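Letter by letter, the chains look like this.
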Amino acid sequence: PIVKTMEIVEKPNVTYSEIGGLEEQIKELREVVELPLKKPEIFREIGVEPPKGVLLYGPPGTGKTMLAKAVATESNAVFIHVVASEFAQKFVGEGARIVRELFEMAKRKAPSIIFIDEIDAIGAKRIDIGTSGEREIQRTLMQLLAELDGFNPLDNVKIIAATNRIDILDPALLRPGRFDRIIEVPLPDFRGRTEIFNIYLKKMKVEDNINLELLSQLSEGFSGADIKNVCVEAAYMAIRDGRNKVTMKDLVDAITKINVKRNNMESMKE
Ligand code: ATP
């Protein structure tokens, strides 16, 4: 049953160059994940231990998954992708076993990176662990902590976790030797948005007068995922019009459309 809960990508193919902005985050991940996986002897020689686990946090759609995949690609590591909210629900009573098997598999397939998305689903502070569901989640978390404590920082397995709710995480997860490197992945700033537009638009057929700076200005507050949606939406507008090139107007209209969608989602949450 383990295969059903996990998406195992033997060879992810995302590269750093496909990520817009986030230079600092990439630099840090190269230092704390890529380098120790590729050259553990450097750390052994100088006598420091690299972190075993890295936590990425920030709003949805900002590129956390992309970053984790890119580090795996560039470290020549197997990428093991699990979504904590799924394995907590799907395998009632089996969470702890699945965590154990996950680490066994990662060691077998090393060098490898385990990516745990939505870690808050099993790693949130619990005020009340009365119900059996809560106790089950608690056991899953305990097993995860035990696995983290059990392996060596220079084993060629690294854990990257992601959340958009760092505020509710159990501090036990963030202790030294666990997820003790915390990297914020924020919404892109002006330059980041310009880069992300550029990454997607250079793959598309667009008219010559595209003003990337203006697009970036108009999309303040958008995530990378929103910007990708804008580009796809603009292409659909062109197709509906029977054109084979995306215009600046398509892109501006698409920004308006995605903005409306975003605002509706916000008001639904309230
Ligand atoms: P979630 O918290 O919702 O899981 P996430 O932070 O993991 O989100 P991703 O899944 O990496 O976000 O991003 C979703 C999609 O948005 C990516 O597949 C990519 O197409 C696009 N995207 C997001 N951020 C960037 C970025 N910085 N550069 C280029 N593309 C991006």
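Residues numbered from 1 in each chain as written. Predicted model: local features only at pLDDT ≥ 70, side-chain atom pairs only at ≥ 80, totals over all residues. Heavy atoms only, no water.

Draft legend 1. Quick peek at the UniProt feature "binding site: ATP" (unreviewed entry) in the chain. On the UniProt side, "binding site: ATP" (unreviewed entry) is annotated at positions that read Gly61, Thr62, Gly63, Lys64, Thr65, Met66 and Tyr200 here. Considering only the annotated residues already named, the ones lining the largest pocket are Gly61, Thr62, Gly63, Lys64, Thr65, Met66 and Tyr200. For Thr65, a relative accessible area of 25% corresponds to the partly exposed category. The contacts of Thr65, once residues within four sequence positions are left out, are His81, Phe115 and Asp117. Relative to the assigned elements, Met66 resides in helix H4 (residues 64-74). For Met66, the residues in contact, after removing those within four places along its chain, are Val14, Glu18, Ile19 and Tyr200. (UniProt positions renumbered as here; feature names shortened; annotations may be inferred. 1 Å grid on protein atoms, 1.4 Å probe; cavity = no way out; pocket = protein on both sides within 12 Å on 5 of 7 lines; lining within 4 Å. Buried < 20%, exposed > 50% of the residue type's maximum accessible area, 1.4 Å probe, protein only. Contact = heavy atoms within 4.5 Å. Helix = DSSP H or I, 4+ residues; strand = E, 2+ residues; numbered from the N terminus.)

Draft legend 2. How the structure looks around the side chain of Asp170. When you line up the elements, Asp170 lands in the loop between strand E5 (157-163) and strand E6 (179-184). Excluding anything up to four places from it in sequence, Asp170 contacts Gly123, Ala124, Lys125 and Leu141.

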